[in-house]
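If you want the building blocks of each chain, they are given just below.
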Amino acid sequence: MDAAKNLPVAVIGAGPVGLAAAAHLLERGLEPLIFEAGTTAGAAIEHWRHIRLFSPWRFNTDPAAVRLLEAAGWEAPRPTALPYGGELIDNYLAPLAALPQIQSRLQTGARVTAVTRQGMDKTHIRNRDTTPFTVRVEHADGETRDHTVAAVIDASGTWSTRNPLGTSGLRAIGEEAAQDRISAPLPDVTGRDRAAFAGRRVLVVGAGHSAANTLINLADLAREEPDTRILWAVRGDSAAKVYGGGDLDGLPARGQLGGRVRRLVEAGKIELHTGFGISSIKSLDSSVTVGAVDGRTIEADVVVPCTGFRPDLDILRELRLNLDPAVEAPTELGPLIDPEFHSCGTVPPHGAKLLAHPDKDFYIVGMKSYGRAPTFLLATGYEQVRSVAAALAGDQESADTVHLELPETGVCSTDAGTSCDVPAPASRAADTESGCCAAPEPVLVGFPTGLAHGRSGTNN
Ligand SMILES: Cc1cc2nc3c(=O)[nH]c(=O)nc-3n(C[C@H](O)[C@H](O)[C@H](O)COP(=O)(O)OP(=O)(O)OC[C@H]3O[C@@H](n4cnc5c(N)ncnc54)[C@H](O)[C@@H]3O)c2cc1C
């Protein structure tokens, strides 16, 4: 970061990974300047505060953030407990954001709309590496201001850009016009948003962790409001991906979730439609007709889009990025997390080197670094930002020595996985024809689901 040593480092987003980045920068003697679009830290998680995390507390806090908090008298939650999203905010993110060291460097209501090199567009190369960045920010006071910084860490997540319902990556025909019949991706159906779901025909679309949570919560709602009908559409030929590894899941809470959904389908409480690739949505007076590519239709009053997320790359348009053409993650990371071949968090720990882009001193970290892959875990993100802060501070040795502290039992010692549940070095994953792991390693790194091969193994 020779460009402008005295300038701050912009951190985009005050989610768990953005705040962890700030803590690591402070430990390195660097000056973070955190821009958060929402009104508080953890604004994206606010939308799913009613959802329980599947990883226990010990994986959900960052070591540098914990050091800052403990110095201020904070007491860590029980490491084995599984927090709700709301608890992650109330017991960790909010106290962290309130620390004077963080609060004084955190601007809320500050939405980053663009990042560029000061005084030059993407096509200019001369002195590029030594030129500071300009970060354009829309502030809560209505003003738009340009901030000059030495480096940028984009930890803005993917929550605000959900994938469309259409099966081809495009919005289904009529999707925009049907917006008022389409809910947020993770509505609180038994709490805050209950009125919109009770007694309605609810169509849940998608085959991931969010779909599983919503289906289970809807089943709880239907017990109290028996007129509620739960419909579930998945693109694949089966829902095996959601049912997951069951008892073989490295994170038991995640395995249990899949098992509960399976039982609800088998009991007829959830009406499952497989092979249902959505092509159109027709708005009626108080409902919609959702059409599949093969001509089938489903009538619903409200649609819940659990279709995953994609990164907002528009704000990075003036930067030189190196992204995997499929996953939109940094090029070397892409093959390791491609959902076509990987079903879980089994990616080797990685840091600044793997996350680097042609524009020096710019990094995408956290959920957004995984692009369209849904398997990001906080523990991985915390190691990313430790390494990135070291690289920005010029400590290349520490930046390159990536490690992930895994517990002695469970997570890294299961024999549940088969080939694809074993991490492959980037070069090997990229070189093999399938992009999958050619030669299994004896030890797993990550959180196996018990499912191998991602989508290519489940047709889902
Ligand atoms: C329902 C659910 C459950 C999950 N459970 C787990 C789990 O059990 N274990 C686990 O390890 N991971 C879990 N994850 C995955 C992941 O760890 C979380 O999504 C986590 O919140 C990602 O952290 P982040 O800091 O990268 O992004 P986010 O938490 O999304 O934070 C990004 C922040 O950036 C802000 N922002 C966005 N755009 C801008 C902008 N242009 N300018 C300024 N600010 C901006 C947002 O408001 C937000 O506050 C879960 C995810 C979901 C959705």
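Residues numbered from 1 in each chain as written. Predicted model: local features only at pLDDT ≥ 70, side-chain atom pairs only at ≥ 80, totals over all residues.

Per an unreviewed UniProt entry, the chain goes by FAD dependent oxidoreductase family protein and derives from Pseudarthrobacter siccitolerans.

Considering the site of the ligand
Near the ligand lie 37 residues; those nearest to it are Gly13, Gly15, Leu53, Gly157 and Gly366. Only helix H1 (16-27), strand S2 (32-36), helix H2 (43-46), strand S4 (111-117) and helix H11 (378-392) provide two or more residues apiece to the shell around the ligand. Grouping the constituent residues of the shell around the ligand by class yields 23 nonpolar, 12 polar and two charged. (Near = placed C-beta within 6 Å. Helix = DSSP H or I, 4+ residues; strand = E, 2+ residues; numbered from the N terminus. Nonpolar A, V, L, I, M, F, W, Y, C, P; charged D, E, K, R; others polar.)

Section: the environment of Glu332
Inspection of the secondary structure puts Glu332 in the loop between strand S14 (302-305) and helix H9 (334-337). Spatially, the C-alpha atoms of Glu332 and Leu355 are 7.9 Å apart, while their sequence positions differ by 23 residues.

Thoughts on the packing of H1 against helix H3 (residues 63-71)
Packing of H1 against H3 leaves a shortest axis separation of 8 Å and a crossing angle of 75°. In terms of orientation, H1 and H3 fall into the roughly perpendicular class. The residues of H3 that touch H1, namely those facing Leu19, Ala20, Ala23, His24 and Glu27, are Ala64, Ala65 and Leu68. In terms of residue class, the contact of H1 with H3 is made up of six nonpolar, one polar and one charged. (Axes fitted to C-alpha atoms, helices over the stretch in contact; angles between N-to-C directions. Parallel < 35°, antiparallel > 145°, perpendicular 65-115°, else oblique. Contact = placed C-beta atoms within 7 Å.)

Comments concerning the nonpolar core
Grouped together as the largest cluster of nonpolar side chains are 82 residues, with contacts concentrated most on Leu19, Ala21 and Val388. Residue contributions to this core peak at nine residues, all from H11. Look past the residues within four positions of Leu19 in its chain and what remains in contact with it is Ala14, Ala41, Ala65, Leu93, Leu96, Ala97 and Ile102. Among the nonpolar cores identified, the runner-up in size contains 41 residues, and Ala178, Ala211, Leu218 and Val304 belong to it. (Core = buried A, V, L, I, M, F, W, Y, C linked by C-beta atoms within 7 Å. Buried ≥ 20, exposed ≤ 12 C-beta atoms within 10 Å, placed from the backbone.)

What to know about the pairing of strand S7 (residues 151-154)
Alternating residues of S7 divide into Ala151 and Ile153 and Val152 and Asp154, and every residue in both groups is buried. As defined by bridge partners, strand S1 (residues 9-12) adjoins S7 across four bridges and the pair is classed as parallel. Opposite Ala10, over in S7, you have Val152 as the bridge partner. In this sheet, strand S15 (residues 362-364) lies alongside S7 in parallel orientation, the contact comprising three bridges. Opposite Asp154, over in S15, you have Ile364 as the bridge partner. (Pairing = 2+ DSSP bridges.)

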